[in-house]
Amino acid sequence: MKWIILIVVVVLARLLFGRIFKVSRSKRMENPSKPLTKPKMPQLYTVSTFAKISVKRYFRDKTAIFFTILFPLIFLFVFGSFSKGGNSISFHIGLINQSSSQFAKQFENQVKSNKKMFNIDKDVNNLDQAKDKMSRSEIDATLVLPPNFGDVKNGHPAGQAVIYYNPVNQQAAQTLQTVMQGQFEDINTKYVKVDKPFTVVGKSTSHQGLTSLDYTVSGLIGFSIIGLGIFGPVNYFPEMKKQGVLRRLHITPLRSWQFFISSVLSNAVIGLVSIAIMLIVASVAFNFHIIGNYFELGLFIIFGILTIFGIGLAIGGWAKNENQAAPLANIIVFPMLFLSGTFFPRYTMPDWLQHITAYLPLTPIIDGIRMIATEGKHLTDIGPQIGLTAIWAVIIYAIAFRVFRWE
Amino acid sequence: MSKPIVEVENLHKSYDGKEVVKGISFEVEDGEVFGILGPNGAGKTTTLETIEALRPIDKGTVIVNGVDVAKNPQKVKYMIGVQLQSTSFMDKVKLTELLEQQAAAYGEKIKPLDFLKDVDLTDRAGSYVEHLSGGQKQRFSIAAALVHQPKVFFMDEPTTGLDPQARRNLWDLVQRVSKRGITIILTTHYMEEAELLCDRVAIMDSGKIIALDTPKKLVKDLLSKGFKKKQEVQQASLEDVFIDLTGKELRD
């Protein structure tokens, strides 16, 4: 983790504060030798120069940074906080203690102090208020300790607590009943020794099980890839055509494949930076753990970026203007946005929908990322995901090359 | 006389069934400044675009420096430089980076500051194009078009929209480029510009060349037909007054 943070910090500092370094550089350039030098590998130089400059350009564009880096982070915070409390059960209840016994007082304090499980509504003082709140589902249930609760009988305190609930919240109330049952059971054994021939105990399996946060993070990486790879070029390419930037390039001997490769490269760099930032935030703020190999994860993410960027390249490269590009992009993006597991895990969908959505281009990418990052799988284990992504990549780029227009 | 550097033979070009260029032929000599004049819609820009290998040729041949444009457009692209009508560069990219990128498109590595010096833009090296004035943009666009040291340089209405100072400055620049031995083909609406810069001009109208000669010869021919200006020729124009009052100093 540390080295990723270091690299990201260095890259960002270099891009954002490039000016500081500039002084020494321009001094060097004032002493020209020959104006033209053929680089050792001209093709590579062409592609790398174009990629380098478009990465620089990107990081000077504050709107683009907002939409591709900050936007997914905002989603991370929203969805992350949802799933944070998802592991423990918590009840929002009213507590009415009508008894004056010592035991009732102690029990009330015990319930109140268990803040992890019970969130007690302080405004509830009598049953009418409680019923009112329950009918509006503001509280799940109400625990009432009747007047005789905790009175001493047969040498020890005894009594029956009552859980009131609205039928709407039956499930929560029943769970609460089970929980209270367990608590009383513990208390009972202190007063009366009971022999228990059968017991049950819960044991957690491996620590690698998936939490909803794991789904959220890999889904948001998918969202980020879409934002960068599709919405980016779909907005930017028609703009470049309008300004005649592409026309200027068309006058030069630059080949469309060189332009494609340099665009893909810069997109991959920008994508990796923004995803790295997201993963860092996810691990720092939400305790997200990457179990798998960073290198394999990075490699697979690059592959995913490349594939999805092809869609943006095809739409943006084909469209003459933004009026053509935007609707087409929406038609293609929205199904992926909601059905590939970006915001909602696919396992919550009905079976038939899961079968269909399995073949969307983004689905194997999100699945693959999750399998490497949180299940610790290797590239060799996710053959189906890689295969499906590769098939899409071939289809997408075949189309993108065919429909590309410089003007 | 040496072999012409650009040979256009019976060039035709149509858009949507409408013939814009109707079989024109002309030759441009190596090292000359050649002007194409004509009213809007005469087919000047289209003619340039077909020579630049931007538009497919419908009929006829265009040969640049011995290379057939229709057969080998990629090779032609290395030999020509084009200054576009609208100065179109990516935003948020520094001038030095734009030049580097432009050269990279030709597979060349350059020292951008040398080229900025040629067009007096050294002090704007770290600026973005969108922050330049009109004249500066035009000069930068020339620098960018020449990074790969082309043999033929195309300029489409280079001084349209410039103030008189910037226009004079650009004329100087064109003459400097010409002195380096680069052949220049330009279109313009300004006759005094053509007269000053061009060794020869072709006048186009409705897709055809209706006259082609040196500016001097064309004027002489007209006079020999008995042409007389209605007004007596003045020794100075309003533009001369303007320049006299405001000076030749560039305003950008």
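All values derive from a computational prediction rather than experimental measurement.

Caption draft 1: Spatial organisation of the pattern of salt bridges. Counting across every chain of the model gives 29 salt bridges over all chains. Notably, a salt bridge pairs A:Lys52 with B:Glu100, separated by 3.4 Å at the nearest N-O pair. Of this pair, A:Lys52 sits in helix 3 (residues 42-59) while B:Glu100 sits in helix 3 (residues 95-105), placing the two residues on different chains. Judged by its relative accessible area of 41%, A:Lys52 is partly exposed. Where A:Glu375 meets A:Lys377, a salt bridge forms, and the shortest distance between an N and an O atom there is 3.2 Å.

Caption draft 2: Layout of helix 5 (residues 102-113) of chain A. Residues and elements named next belong to chain A. Between the first and last C-alpha of helix 5 there are 17 Å, a value that for 12 residues agrees with the 16 Å anticipated at 1.5 Å per step. The set of residues buried in helix 5 consists of Phe103, Ala104, Phe107, Glu108 and Val111. For helix 5, the angular spread of buried residues about the axis comes to 135 degrees, placing them on one side. Across from the buried face of helix 5, at angles greater than 90 degrees, the exposed residues are Gln102, Lys105 and Ser113.

Caption draft 3: Layout of the interface of chain A and chain B. Contact residues are listed per partner, giving 37 residues for chain A and 38 residues for chain B. The largest contributions to the chain A side of the interface with chain B come from A:Arg60, A:Arg248 and A:Ile251, which together make up 20% of the buried area. Where A:Glu407 meets B:Arg55, a salt bridge forms, and the shortest distance between an N and an O atom there is 3.4 Å. Our enumeration of links across chain A and chain B arrives at 13 residue pairs in polar contact (both at pLDDT 80 or more). Counting only elements with at least two residues in the side of chain A that touches chain B, the list comes to helix 2 (18-29), strand 1 (36-37), helix 3, helix 8 (212-243) and helix 9 (245-251) of chain A.

Caption draft 4: Just the nonpolar core, in detail. Ranked by size, the top nonpolar core spans 114 residues in total, and within it A:Leu76, A:Ile230, A:Phe259, B:Phe140 and B:Phe153 carry the most contacts. Contacts of B:Phe140, omitting those with residues within four sequence positions, involve B:Phe89, B:Leu95, B:Leu98, B:Leu99, B:Leu116, B:Leu121, B:Val129 and B:Leu132.

Caption draft 5: Seen up close, the packing of helix 8 of chain A against helix 14 (residues 362-375) of chain A. Residue and element names in this part refer to chain A. Taken N-terminus to C-terminus, the directions of helix 8 and helix 14 make an angle of 135 degrees; their axes are 9 Å apart at the nearest point. Between helix 8 and helix 14, the crossing angle belongs to the class labelled oblique. Note that helix 8 runs across helix 14; the crossing there is right-handed. In contact with Asp214, Tyr215, Ser218, Gly219, Ile221, Gly222, Ile225 and Ile226 of helix 8, helix 14 contributes Leu362, Ile365, Ile366, Ile369, Arg370 and Thr374. The class makeup of the residues in the contact of helix 8 with helix 14 is 8 nonpolar, 4 polar and 2 charged.

Rules used in this analysis
- Residues numbered from 1 in each chain as written.
- Chains lettered and ligands numbered in written order.
- Predicted model: local features only at pLDDT ≥ 70, side-chain atom pairs only at ≥ 80, totals over all residues.
- Heavy atoms only, no water.
- Salt bridge = Lys/Arg side-chain N within 4 Å of Asp/Glu carboxyl O.
- Helix = DSSP H or I, 4+ residues; strand = E, 2+ residues; numbered from the N terminus.
- Buried < 20%, exposed > 50% of the residue type's maximum accessible area, 1.4 Å probe, protein only.
- Expected span 1.5 Å × (residues − 1).
- Arc of directions from axis to C-beta.
- Contact = heavy atoms within 4.5 Å.
- Buried area = accessible area lost by both parts, 1.4 Å probe.
- Polar contact = N/O pair within 3.5 Å; in protein donor to acceptor, adjacent residues only side chain to side chain.
- Core = buried A, V, L, I, M, F, W, Y, C linked by side-chain atoms within 4.5 Å.
- Axes fitted to C-alpha atoms, helices over the stretch in contact; angles between N-to-C directions.
- Parallel < 35°, antiparallel > 145°, perpendicular 65-115°, else oblique.
- Left-handed = near helix turned anticlockwise from the far one by under 90°.
- Nonpolar A, V, L, I, M, F, W, Y, C, P; charged D, E, K, R; others polar.

Function cannot be inferred from these measures alone, as they are strictly geometric.
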